[in-house]
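What the coordinates show
Chain residues, written in single-letter form:
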Amino acid sequence: MTDPTRFDLDERQRAMLAEMGIRVWWPQKQPSPLPEVTAVRSELDAIRPEFGTVRPEPVEGQAASARHQQAQPERGITQPERGAARTAQVQGAVPAEAVPLPPGVDQMDWGTLQATVAQCRACGLCQGRKNTVFGVGDRSAQWMVIGEAPGENEDLQGEPFVGQAGKLLDNMLKAIGLNRAVEGEQDGQAGVYIANTLKCRPPGNRNPEPVELQTCAPYLARQVALVKPKIILAMGRFAVQSLLQTTEPIGKLRGCVHQYEGVPVVVTYHPAYLLRNPADKAKAWADLVLALQTVQQA
């Protein structure tokens, strides 16, 4: 079985890279089957990835101008309806009959935690949701991917990272031997667990409020504790800032290994941001390589 932490690519992984639009150049001398950790960074110099086969989600309502698309935040969102977003801000983040989180979230098992999230009414997001978005994947995986807030498709399906951004994420993960549909290791692929910082969709896909992120934080912390991953890949500004408790932009946090509850964290851009800014896909690939190195050194 293929070790997902190894950087050498087999034919299947090269095919996945080709599907994402990544062109890979290898040096004349092939790397050894089991490269040392210290050799991985030099091998990166031989790779020049260029993603870009998945198209962005269409914007809700009329088409946005190019200038407006560039101004959108990193979250995987469509343009919110202004009236709905303003109404949500006026209503506030806490409903009139808010129910605090029950005690003992940090001791819950998977079943109890998922049922608690499904019934949660601790903030105002419960009023407009269709489904809570708990998480998906291998609950014993070495890798954990954490995104921001659910969008419209996630709210409808109850699963994180669906739609075009989800397809791009799946392609990125498969290129390094990971698959959200795999438990353990199967056919040379390893599992991964995927979750969001928020479990409910903000109305109109507006940005998460600090109180909402704070309210949902114990749920995510318990998921991390249950999975016990060797690496967390944090995708998107709000996921990164929530996990690391910082206001620094992703650009300043990339390239370093951070920590969350004792687990190494590598930060990168949200797939929806990459769909709008394809020039940064090479940076996202470098972030994946850093995550691979980190797991290899663990």
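Think of each chain on its own: its residues are numbered from 1, step by step along the sequence as written. Under the rules for a predicted model, residues below a pLDDT of 70 receive no local features and side-chain atom pairs below 80 are neither given nor counted, while totals for whole chains, interfaces and linings still include all residues. Computation of side-chain values covers all heavy atoms of the structure but excludes hydrogens and water.

Examining the environment of Leu101
- Comment: elements are numbered from the N terminus, with helices defined as DSSP H or I runs of at least four residues and strands as E runs of at least two. Take Leu101: it is sitting in the loop between α4 (82-91) and α5 (110-118).
- Partly exposed residues are those whose accessible area sits between 20% and 50% of the maximum for their type, while under 20% is buried and over 50% is exposed, using a 1.4 Å probe and protein chains only. By relative accessible area, which is 23% here, Leu101 ends up partly exposed.
- Put simply, Leu101 and Tyr219 are 118 residues apart on the chain and 9.4 Å apart in space, counted from C-alpha to C-alpha.
- Residues within four places of Leu101 in sequence aside, it is in contact with Cys120, Ala122, Thr215, Pro218 and Tyr219. Contact criterion: two residues are considered in contact whenever any of their non-hydrogen atoms come within 4.5 Å of each other.

Details of helix α8 (residues 210-227)
- Here the expected length of a helix is defined as 1.5 Å per residue gap, with one fewer gap than residues. With 18 residues, α8 ought to run about 26 Å at 1.5 Å a step, and its terminal C-alpha atoms sit 25 Å apart, in line with that.
- To get the bend at a given residue, fit one axis to the seven residues ending there, fit another to the seven starting there, and take the angle between those axes. Approximately 40° is the largest bend angle found in α8, and it occurs at Ala217, with the proline Pro218 only one to four residues beyond.
- Those residues of α8 that fall on the buried side of the exposure criterion are Glu212, Leu213, Thr215, Cys216, Tyr219, Leu220, Arg222, Gln223, Val224, Leu226 and Val227.
- One or two positions beyond α8, positive phi appears at Lys228, with a value near 55°.

Quick look at the confidence of the model for the protein chain
- pLDDT is a residue-level measure of predictor confidence that goes from 0 to 100. In this model, the protein chain carries a mean pLDDT of 79, and residues with pLDDT of at least 70 account for 68%.
- Counting interchain partners and residues more than four positions distant, the pLDDT-below-50 stretch residues 76-92 has 20 contacts.

Looking at the packing of aromatic side chains
- The criterion for an aromatic pair is that two Phe, Tyr or Trp rings (for Trp, the six-membered ring) have centres within 6.5 Å, with stacked assigned to planes under 30 degrees apart, edge-to-face to planes over 60 apart and tilted to the rest. The full count for this structure, using the stated rule, is 3 aromatic pairs.
- Here the aromatic rings of Trp110 and Phe134 are separated by 6.0 Å at their centres, their planes lie at 80°, and the arrangement is edge-to-face. Remark: Phe134 occurs in the loop between α5 and β3 (136-137) and Trp110 occurs in helix α5; sequence separation between them is 24 residues.
- Residue classification places Phe134 among the buried residues on the basis of a relative accessible area of 4%.
- Centroid distance Trp110 to Tyr193: 5.4 Å. Interplanar angle 55°. Geometry classified as tilted. One end of the pair, Trp110, is in helix α5; the other, Tyr193, is in strand β7 (residues 189-196), with 83 residues separating them in the sequence. With respect to burial, Trp110 and Tyr193 carry one shared label: buried.

Points about the state of the cysteines
- Here, two cysteine sulfur atoms that lie within 2.5 Å of each other are counted as a disulfide. On inspection of all chains with the given rule, the structure shows 0 disulfides.
- Cys123 forms no disulfide, and the closest cysteine sulfur to it belongs to Cys200, at a distance of 6.2 Å.

Considerations on the packing of α5 against α8
- Here the axes come from fitting lines to C-alpha atoms, over the contacting stretch only for helices, and the angles between their N-to-C directions go from 0 to 180 degrees. Axis separation between α5 and α8 bottoms out at 11 Å; the angle between their running directions is 160°. Between α5 and α8, the angle is such that the two are roughly antiparallel. Taken as a pair, α5 and α8 cross one another with a handedness that is left-handed. Where α5 abuts α8, its residues Trp110, Leu113, Thr116 and Val117 lie against Tyr219, Arg222, Gln223, Leu226 and Val227.
- We call Asp, Glu, Lys and Arg charged. Ala, Val, Leu, Ile, Met, Phe, Trp, Tyr, Cys and Pro are nonpolar, and the rest, Gly among them, are polar. For the contact of α5 with α8, the per-class residue count stands at 6 nonpolar, 2 polar and 1 charged. Throughout this description, any angle smaller than 35 degrees is read as roughly parallel, any larger than 145 degrees as roughly antiparallel, any in the 65 to 115 degree range as roughly perpendicular, and the remainder as oblique. The handedness criterion is simple: a crossing whose near helix is rotated anticlockwise from the far helix by less than a right angle is left-handed, and one whose near helix is rotated clockwise is right-handed.

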